[in-house]
Amino acid sequence: MIQFSIKLEKSILDNPECRNKIIFGPIPSRRFGSVLIINNVLCKTCTYNCIYCQAGGANCCSTNRDSCFSPYQLYFFVKNKIEQLEKANIKVDYIGFIPNGEATLDVNLSKEIELLREFGYKIIVFTNSSLLWNDNVKENLMFADIVSLKIDTVDEQLWNEINRPHKRLRFEVILKGITDFSKQYDGKLFTETMLINNMNDSIEEVSQLCEFLKELKRDTSYFSVPIRPTVKDYALAPNCTVLEKIKEYTEQNLKNVKMLCCPNTPCFPMVGDTTEQLLGILSMHPMKEEEVLDLVSAKGWGIQQITELENKGLLLKKSYCGQNFYSHNN
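Computed from a prediction, not measured in an experiment: that's the story for all the values here. Per chain, residue numbering runs from 1 following the sequence as it is written. Two thresholds apply to this predicted model, a pLDDT of at least 70 for residue-level local features and 80 or more for giving and counting side-chain atom pairs, whereas whole-chain, interface and lining totals are computed over all residues. The side-chain figures draw on all heavy atoms in the structure; neither hydrogens nor water molecules are used.

**Student:** Any chance you could explain empty space enclosed by the protein here in plain terms?
**Tutor:** The pocket and cavity definitions rest on a 1 Å grid over protein atoms only: a 1.4 Å probe that fits but cannot leave marks a cavity, an open set with protein on both sides within 12 Å along at least five of seven lines marks a pocket, and residues lining either have an atom within 4 Å of a point. Grid points are joined across faces, edges and corners, and a volume is the space filled by probe spheres set on the points. In this structure the tally under the stated criterion is 1 cavity of 30 Å³ or more. Computed from the structure, the largest cavity encloses a volume of approximately 80 Å³. Tyr48, Lys150, Ile151, Asp152 and Trp159 are, among the 13 residues lining the largest cavity, the residues nearest its centre. Helix numbers and strand numbers start at the N terminus; a helix is a DSSP run of H or I with at least 4 residues, a strand a run of E with at least 2. Taken together, the elements giving at least two residues each to the lining of the largest cavity come down to α6 (156–163) and α7 (171–184). For the lining of the largest cavity, the element with the highest residue contribution is α7, accounting for 4 residues. Amino acid classes used here: Ala, Val, Leu, Ile, Met, Phe, Trp, Tyr, Cys and Pro are nonpolar; Asp, Glu, Lys and Arg are charged; the rest, including Gly, are polar. Taken together, the residues of the lining of the largest cavity sort by class into 7 nonpolar, 4 polar and 2 charged.

In structure tokens form, the structure reads like this:
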């Protein structure tokens, strides 16, 4: 049985198609330190198709919960990755479920969290909150140490314009699900709001959102802006004057609020195959051209290797706000 288990684990880990899509990082986070990222929705399925999505948008917009792989497959990949990171003396603070889609569409989420607890790290789940009316989803999230809820607006028309939800979803039901979950959840609860120019960035809109957030049992509410290529070119960050007004208003009218509008240049440790690691990071986290070159220079790579990947159709270059970005051409 031991030999069989070793052979099974090796066969799973030898599958590069999954290896560079399921787990990557760790990535630096101003909120959580060093986070090992789990992509538990491989087929880019989401309940939303947000105009500001940095992962290229959803391949499939759905509310049907399913599974992409066995929880034990995920366990082996995480185990192998953590062993590599420990050998390289690379620190991990959290394991985060931050997929190319909606994390709670994974029916195995609670089992996966339960298995990953063996490694001794706290677990974070990022969700767009759209399925919190579902009791099974709420129960799955109870297993996590930290849950981050996305709430971009409390105006239904703006919700449709910004988040472009699946037609089966009902806005008032989602808001009630968020409120109910916040009262039931015992872990740390955060909210995230993406501010979009001329859409949800007026003081009137922000004040309505703040009133809703006040009713939640939460730790901190974060406000951020798009900084990478978005699905729709008009999904831009508000100007600095507007952001200053929002910052002043939220700090005066809402407890435990932070603005995340000026992120530092990320630094990703590269462990393992350079191509696989780079494609894994860029599939979830598009980066500026100079950031990519800085990242791969530690592996002895330069613009020639990046251009080769681009010519093979593996990398996609896109201009956004006057800067060039690379992403994985999924």
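**Student:** What is the right way to look at the side chain of histidine 166 in this model?
**Tutor:** Its location among the elements puts histidine 166 in the loop between α6 and α7. Whether a residue is buried, partly exposed or exposed follows from its accessible area with a 1.4 Å probe, protein chains only, as a fraction of its type maximum: under 20%, in between, or over 50%, in that order. According to the relative accessible area criterion, histidine 166 is buried, its value standing at 19%. Any two residues whose heavy atoms approach within 4.5 Å are treated as being in contact. Residues within four places of histidine 166 in sequence aside, it is in contact with Thr47, Cys61, Ser62 and Thr63.

**Student:** What should I look at first to understand the packing of aromatic side chains in this one?
**Tutor:** The geometry of an aromatic ring pair is captured by the separation of the ring centres together with the interplanar angle, meaning the angle of the planes. Stacked, edge-to-face and tilted labels apply to pairs of Phe, Tyr and Trp rings (six-membered ring for Trp) whose centres lie within 6.5 Å, assigned for plane angles under 30 degrees, over 60, and everything in between, in that order. According to the stated counting rule, one finds 9 aromatic pairs in the structure shown. Ring centres of phenylalanine 32 and phenylalanine 190 lie 5.6 Å apart, and the angle between their planes is 75 degrees; on these two criteria the pair is classed as edge-to-face. Of this pair, phenylalanine 32 sits in the loop between β1 (23–29) and β2 (33–38) while phenylalanine 190 is found in strand β8 (residues 188–194), placing the two residues 158 residues apart along the sequence. Its relative accessible area of 8% is what places phenylalanine 190 among the buried residues. Through a chain of ring-to-ring contacts, the aromatic side chains of Phe32, Tyr94, Phe126, Phe190 and Tyr222 assemble into a single cluster. Two conditions define a charge located above a ring, namely a distance within 6 Å from the ring centre to NZ of Lys or CZ of Arg, and an angle within 35 degrees of the ring normal. Taking NZ or CZ as reference, arginine 31 lies 4.9 Å from the ring centre of tyrosine 222, over its face.

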